[in-house]
Amino acid sequence: MLSDQQPSFLNGFQRLLEVGLILAGAISIYILITLFSFDPADPSWSKTGNYEYIKNAGGAFGAWLSDILLFTFGWLAFFIPVLVSLIGWLFFRKFHDLIEVDYLALGLRLIGFMFFTLGLSAIFSMNFDDVYFYSSGGIIGDVIAYLLTPLFGFTGATLLFLVSVMMGFTLMTGISWLQIVDGIGRYTILGSTWAFEKSKGALGLEPAGPYSEPQDQSNNTSDTAKLGADSTSEPKQSTEKPDVAKTSFEKSNVEKDQATQTSVTDLDKKQQQSLLAQFFAKTEEPTEKATPKTRTNDSSVDVQGTQAETLTQTSKEGQANRVSLDDDMPFEFGTEPVTAARTEELDDALIDEHMSYSSIDDELSEDDILGALEGLQTPGQNQERDTTPTAKSNVLVPESAAPKEPITLPSLELLDRPDKVENPVSQEELDAVSRLVEEKLLDFNIQAEVVGVYPGPVITRFELDLAPGIKVSKISGLSKDLARSLSAMSVRVVEVIPGKSYIGLEIPNKHRQIVRLSEVMDSPGFENAESPLTMVLGKDIGGKAVVVDLAKMPHLLVAGTTGSGKSVGVNTMILSLLYKSTPEEVRLIMIDPKMLELSVYEGIPHLLSEVVTDMKEAANALRWCVGEMERRYKLMSSLGVRNLKGYNAKIEAARKDGNPIRDPLWRSTDNMLEMPPELDKLPAIVVVIDEFADMMMIVGKKVEELIARIAQKARAAGIHLVLATQRPSVDVITGLIKANIPTRMAFQVSSKIDSRTILDQQGAENLLGMGDMLYLPPGSGVPTRVHGAFVDDHEVHAVVNDWKSKAKPNYIKEILEGEMTEENMLPGEAAEMAEGEEIDPVFDEAVAFVTETRKVSISSIQRKLRIGYNRSARIVEQMEAMGIVSTPAANGARDVLAPPPNKEEQQDLI
Ligand SMILES: Nc1ncnc2c1ncn2[C@@H]1O[C@H](COP(=O)(O)OP(=O)(O)OP(=O)(O)O)[C@@H](O)[C@H]1O
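Criteria and cut-off values
Residues numbered from 1 in each chain as written. Predicted model: local features only at pLDDT ≥ 70, side-chain atom pairs only at ≥ 80, totals over all residues. Heavy atoms only, no water. UniProt positions renumbered as here; feature names shortened; annotations may be inferred. Near = heavy atom within 4 Å. Polar contact = N/O pair within 3.5 Å; in protein donor to acceptor, adjacent residues only side chain to side chain. Areas by Shrake-Rupley, 256 points an atom, 1.4 Å probe, with all protein chains shown as cover. Nonpolar A, V, L, I, M, F, W, Y, C, P; charged D, E, K, R; others polar. Helix = DSSP H or I, 4+ residues; strand = E, 2+ residues; numbered from the N terminus. Buried < 20%, exposed > 50% of the residue type's maximum accessible area, 1.4 Å probe, protein only. Phe/Tyr/Trp six-rings, centres within 6.5 Å; stacked < 30°, edge-to-face > 60°. Axes fitted to C-alpha atoms, helices over the stretch in contact; angles between N-to-C directions. Left-handed = near helix turned anticlockwise from the far one by under 90°. Contact = heavy atoms within 4.5 Å.

Looking at an unreviewed UniProt entry, one finds the protein named DNA translocase FtsK and attributed to Psychrosphaera ytuae. Quoted verbatim from the Sequence similarities (unreviewed entry) field of the UniProt record, the comment on the protein reads "Belongs to the FtsK/SpoIIIE/SftA family."

Put into structure tokens, the structure is as follows:
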């Protein structure tokens, strides 16, 4: 299988790193050779000799080098080659991490290394025989031992050096001596148990049992669980920490608050600036590496539990609200939103329409099947699923594509691990900065009190209680001035915090933390989610994982200026699907007009067709989706189910009963088969379009119509759209598209207008870039700020190669060829074919008029646009076909289904 893969060449930088690794290896081997072949008679730095008879295998240079190393380090010189190769390896494997060096951790490691080396060389110097005529601890060991032994005596000095070695080891490696003792104990017990079992077996007392780990180690059986295996016992402790911390913090809170309040107001401007700079510099100082399991818990516990929880919350409502924030579960958006509910109703109506001509009677209730299916599912099943096909496949899962063996989902080991980050900012500092924020606001005649401070991985949110009569719009208007006076890159004003009477001020930390995909995926929110369309977004402002379900959205619009982190965001979402679902559960169609971003996924088994780069083919792919959607609707209505989940459950249950359902839509003329084929489960289909502005420009209005058509109905059929664009203007994100795609994601944009185009409100222009986003869940007017998870190209490649090695894709040709049928023809096209004319040029204007006035009448459109009656009537019919207005009721009146347009959009159109 690997032989099928494209040969991959290293880029320039990777070549350098690899050359570095080869050099480091060669240097290490050379040093080892010179040390092992050292001859005291060779001429060198400390001795003279005959250059003609050098015995050192490293030559004259080798003789010099080994002499210097042994003279300086004694026995420790033999560790130097190991160190050199280790450094080479670190650079090669972890260069990406080294770019974002954590200086505190590095400093601690260096100090640790110093203590370790000095202590060990002194111990060697005092206790071991010389190496040739050099001291066994080298000159370093000799000097230290010489200086300290008279002071502390032999025993005292040895003890001191031992302590130095132990301290140094812990600082350098982060390994606790208690862990070592624990480990030694555990393996001694395991070893003796094993030896005992063996000996019993050998003596014929009892058959020898297989060697097994104790019970508490058994949960690292699956690949995904491996990542956190070495910290299995720690998270439990850390989840209990916050309560203890909270009480102690809270007790001292009021006194500290008063103390700092007086001292800070006396600070002069310079001190204030430096305090600010220090604060934002300190907010995110990482300290040491840890396994992702510990990290996930720590991030939610440390930040939410001890910092955000216990800060200057003074009012009672504040405390009540904190309780809800305290919840350890990560966010899950999309729980029965208003829009989703409305869409569902629409879907139901559509299904009902189909069901009226349904020919097959429904004998099993859908709820029973779903219940039975859910009963069978446990969270653990997410880790590994059997994807072996059970019967003849239908269009979407052709037999050759079906893998023969169970497929395991990719391991988290393929992703980069994050650095453990702690928040070392003390409460005093946070209080001091809060007072400073209050002062700065007062400079603008705004009286406000900071009632809560929430430091997070990228920003710190200050919650403000405004004095009566102060309008929030006044502060929003001042966001740029505030940013300047607080020396911050930008300040975002959160006008409404749901459930609170405060406003929020979000100020970026000087050192932002990178949110890694692996750490969010390692959270319970992702691991326990059952939907195959579960996607990771990143972390919220408090550091909690944000995990969403595309099935509930059901379509997503992503926009952001170039370089804002949009492509990384799209990759994060795609990788989430690849980590959660097998090709049997989710299939993808990728459209990539830029021919850059998505081509890396070429060849994964989830793809339904090659990554589409030709825009004509892209339109065909959308058209195919419309056809597939209609086909699914007919199948579902025939089976009497309302959505894909119900359909799959019914197929599964029927198969279990031994009565597989046969295709009710099959006609004898379809193929050579004598009887209808058995129906198979259907996967969800996700269509990802990376730059859909390009597609709109090239293919034109048809794309918009196809997208609208899919978006209106595809939810129940399990077809979902993810549209990304870097041009959030009204000619790309049109009213029609917005009306049909309720879930939005805005990365940084260049203007308030762009922000309003995507979110219907400003705010995205104040984001920080690099994955900082506002996520607007369906049916919600309040966007949530999320710091997007970062995934590097090499991680994407690793996951893609992993899938490629497990199964091959089976592309469906028809997707790109595209055939115009009655089902996938657009209303515009029908009119075009019937009357030979395009969709009306004033159609957009008419839509704007209707959605704004909320009234549909042929004559009013006729008057407003000064067009003929017939033309106006045709426009209204087109609106009906596109789902903008309803079908006429008994009295002929129609309802406007699409939401009103926003102001900028209108101006652009009229
Ligand atoms: N979540 C993130 N965390 C940290 N850095 C990020 C994140 N997302 C993106 N970045 C940084 O921002 C850079 C630009 O991101 P990306 O390529 O996704 O932008 P884009 O909006 O897709 O731009 P374009 O439209 O030009 O392709 C990346 O190279 C990366 O360094």
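**Focus on the site of the ligand**
Taken together, the neighbourhood of the ligand is formed by 16 residues, with Thr562, Gly563, Ser567, Gln726 and Gly788 sitting nearest. Between Gly565 and the ligand, the recorded distance is 3.2 Å, taken from a backbone N or O atom to an oxygen atom. Contact distances for the ligand include 3.3 Å between an oxygen atom and a side-chain N or O atom of Glu597. Alone, the ligand offers 620 Å² of accessible surface; in the complex the protein occludes 75% of this. Split into classes, the residues belonging to the shell around the ligand amount to 4 nonpolar, 9 polar and 3 charged.

**A word on the UniProt feature "binding site: ATP" (unreviewed entry) in the protein**
Within the UniProt annotation, "binding site: ATP" (unreviewed entry) is assigned to Gly560, Thr561, Thr562, Gly563, Ser564, Gly565, Lys566 and Ser567. The residue Gly565 is located in the loop between strand E12 (556–559) and helix H19 (566–580) in this model. Following the sequence through the fold, Lys566 ends up in helix H19. The buried category is assigned to Lys566, whose relative accessible area is 5%.

**A closer look at the packing of aromatic side chains**
Within the structure shown, the criterion is met by 8 aromatic pairs. Their ring planes at 70° and their centres at 5.2 Å tell us that Trp45 and Phe71 sit as a pair that is edge-to-face. Residue Trp45 is located in the loop between helix H1 (12–36) and helix H2 (59–73), and its partner Phe71 is located in helix H2; the two are separated by 26 residues in the primary sequence. Overall, the relative accessible area of 46% leaves Trp45 in the partly exposed class. Between the aromatic rings of Phe116 and Phe169, the centroid separation amounts to 6.4 Å while the plane-to-plane angle is 40°, which identifies the pairing as tilted. Highlighted residues: Phe116 in helix H4 (residues 103–127) and Phe169 in helix H5 (residues 138–173), separated in sequence by 53 residues. Three or more aromatic residues joined by ring pairs form one cluster here, namely Phe36, Trp75 and Phe78.

**Let's talk about the UniProt feature "transmembrane region" (unreviewed entry) in the protein**
The UniProt feature table records "transmembrane region" (unreviewed entry) at residues 16–38, 68–92, 104–125, 131–152 and 159–178. In the segment residues 104–125, helix accounts for 100% and strand for 0%; the C-alpha atoms at its two ends are 31 Å apart. Annotation note: span residues 131–152, helix share 68%, strand share 0%, distance between end C-alpha atoms 26 Å.

**Describing the packing of helix H30 (residues 858–865) against helix H31 (residues 869–881)**
Between H30 and H31, whose axes approach to 9 Å, the crossing angle comes to 115°. In this structure, the crossing between H30 and H31 has a hand that is right-handed. Mapping the contact onto sequence places Ile858, Ile861 and Gln862 in H30 and Tyr869, Ser872, Ala873, Val876 and Met879 in H31. Taken together, the residues of the contact of H30 with H31 break down into 6 nonpolar, 2 polar and no charged.

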